[in-house]
Amino acid sequence: MSGYGGANAKMSDVLRSVLLLTAGVLVVFVIGRIFFTVEPDRPVSEVDYLTAAEGVEPTAGFDPWVPEQLPDGWMANSARIDATTWEMGVVTDDDEFVGIRQLLDGDGEALDRAIDEDAREETVNGVVWQVGDSGDELVYATTEDDVTTVVRSTTSAEVTRDYVSSLVRFSELASADASR
């Protein structure tokens, strides 16, 4: 009889043990995920968009538009400023998205890129907007004083229009808060 049979048997025992341990670890992992993992209701972080908006004029050189107040259940989840741009994203209570992007755009080129040629005009709070679709998003876009503003939304046309009508200049909102 050869002496190799015992070595192979021991190697098979090792492999069997490794497979059993792996299966045990997987079972523990699955049980932990099912019974001990808590998913937050809204797995996004809220940002203070008004605090972020304070830095737009000194950084980007224009007075940004912000919503006067977000509806109940809505949450600002992003705000970004760079040398020429202000962006803010909002998640609605239905987990839809509304975002505003403003940028210094002297020639209005960003407006042409944002809206399709089938856009219609709509006046909201005295501002004339180009309104159209871009993929599955509703888009409102306008250029005023070398600043192009684009609002993109996956919500309904009515909700998007309400959001656009809630936009005010940050300086107006800040001065109203200061007088209270």
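Just above, that's the structure.
Predicted, not measured: the structure shown is a model, and the values here were computed from it.

1. Brief notes about unusual backbone geometry
Here comes step 1: Backbone geometry places Asp145, a non-glycine residue, at a positive phi of 55 degrees.
Here comes step 2: Considering the arrangement of structural elements, one finds Asp145 in the loop between β7 (137-144) and β8 (147-153).
Here comes step 3: The class of Asp145 is exposed, set by a relative accessible area of 69%.
Here comes step 4: Non-glycine residue Asp146 carries a positive phi angle of around 65 degrees.
Here comes step 5: Here Asp146 lies in the loop between β7 and β8.

2. Points about the pairing of strand β4 (residues 97-104)
Here comes step 1: Where strand β3 (residues 85-91) meets β4, 7 bridges bridge the pair, whose relative direction is antiparallel. When the bridges of β4 are listed, Val90 appears paired with Val98.
Here comes step 2: Where β3 folds back on β4, the antiparallel hairpin that results is connected by 5 residues, among which Asp95 adopts a positive phi of roughly 60 degrees.
Here comes step 3: By the bridge criterion, 7 bridges tie β4 to β8 in an arrangement that is antiparallel. Its bridge partner lying in β8, Gln102 is registered against Thr149.

3. Considerations on the packing of aromatic side chains
Two numbers describe a pair of aromatic rings. These are the distance of the centres and the angle of the planes.
Here comes step 1: Evaluation of the coordinates by the stated rule reveals 3 aromatic pairs.
Here comes step 2: Ring geometry for Trp65 versus Trp129: centroids 5.5 Å apart, planes at 50 degrees, classification tilted. Within this pair, whereas Trp65 is found in strand β1 (residues 65-67), its partner Trp129 is found in strand β6 (residues 127-134), the two being separated by 64 residues in sequence. One exposure class covers both Trp65 and Trp129, and it is buried.
Here comes step 3: Their ring planes at 20 degrees and their centres at 6.3 Å tell us that Trp74 and Tyr163 sit as a pair that is stacked.

4. Some points on helix α5 (residues 157-165)
Here comes step 1: Within α5, the full set of buried residues consists of Thr160, Tyr163 and Val164. Seen from one end, α5 has its buried residues packed into an arc of 100 degrees, which puts them on one side.

5. Overview of the environment of Val164
Here comes step 1: With respect to the helices and strands, the residue Val164 is situated in helix α5.
Here comes step 2: What makes Val164 buried here is its relative accessible area of 3%.

6. Structural notes on the side chain of Glu122
Here comes step 1: Positionally, Glu122 belongs in strand β5 (residues 120-124).
Here comes step 2: Within the structure, Glu122 has its side chain in polar contact with the side chain of Arg161 (distance 2.5 Å).
Here comes step 3: Ignoring anything within four residues of it in the chain, the contact list for Glu122 reads Val127, Val128, Trp129, Val131, Tyr140 and Arg161.

7. Description of the pattern of salt bridges
Here comes step 1: Scanning the model with the defined rule gives 8 salt bridges in all.
Here comes step 2: Here Arg120 ties to Glu122 by a salt bridge, and the two come within 3.5 Å at their closest N and O atoms.
Here comes step 3: For Arg120, a relative accessible area of 43% corresponds to the partly exposed category.
Here comes step 4: Across the pair Glu137 and Arg152 runs a salt bridge, and its minimum N-O distance is 3.3 Å. Note that Glu137 is positioned in strand β7 and Arg152 in strand β8, a separation of 15 residues in sequence.
Here comes step 5: Overlapping salt bridges bring together Arg80, Asp82, Glu87 and Arg101 as one network.

8. Thoughts on a negative patch on the surface
Here comes step 1: A cluster of like negative charges, contributed by Asp116, Glu117, Asp118 and Asp133, occupies part of the molecular surface.
Here comes step 2: When you line up the elements, Asp133 lands in strand β6.
Here comes step 3: Of the residues examined, Asp133 reaches a relative accessible area of 48% and is grouped as partly exposed.

The rules behind the values
Residues numbered from 1 in each chain as written. Predicted model: local features only at pLDDT ≥ 70, side-chain atom pairs only at ≥ 80, totals over all residues. Heavy atoms only, no water. Helix = DSSP H or I, 4+ residues; strand = E, 2+ residues; numbered from the N terminus. Buried < 20%, exposed > 50% of the residue type's maximum accessible area, 1.4 Å probe, protein only. Pairing = 2+ DSSP bridges. Phe/Tyr/Trp six-rings, centres within 6.5 Å; stacked < 30°, edge-to-face > 60°. Arc of directions from axis to C-beta. Polar contact = N/O pair within 3.5 Å; in protein donor to acceptor, adjacent residues only side chain to side chain. Contact = heavy atoms within 4.5 Å. Salt bridge = Lys/Arg side-chain N within 4 Å of Asp/Glu carboxyl O. Patch = residues over 30% accessible without salt bridge, like charges linked within 9 Å, V, L, I, M, F, W, Y side chains within 5 Å. Areas by Shrake-Rupley, 256 points an atom, 1.4 Å probe, with all protein chains shown as cover. Lys, Arg positive; Asp, Glu negative; His and termini not counted. Charge placed at Lys NZ, Arg CZ, Asp CG, Glu CD.

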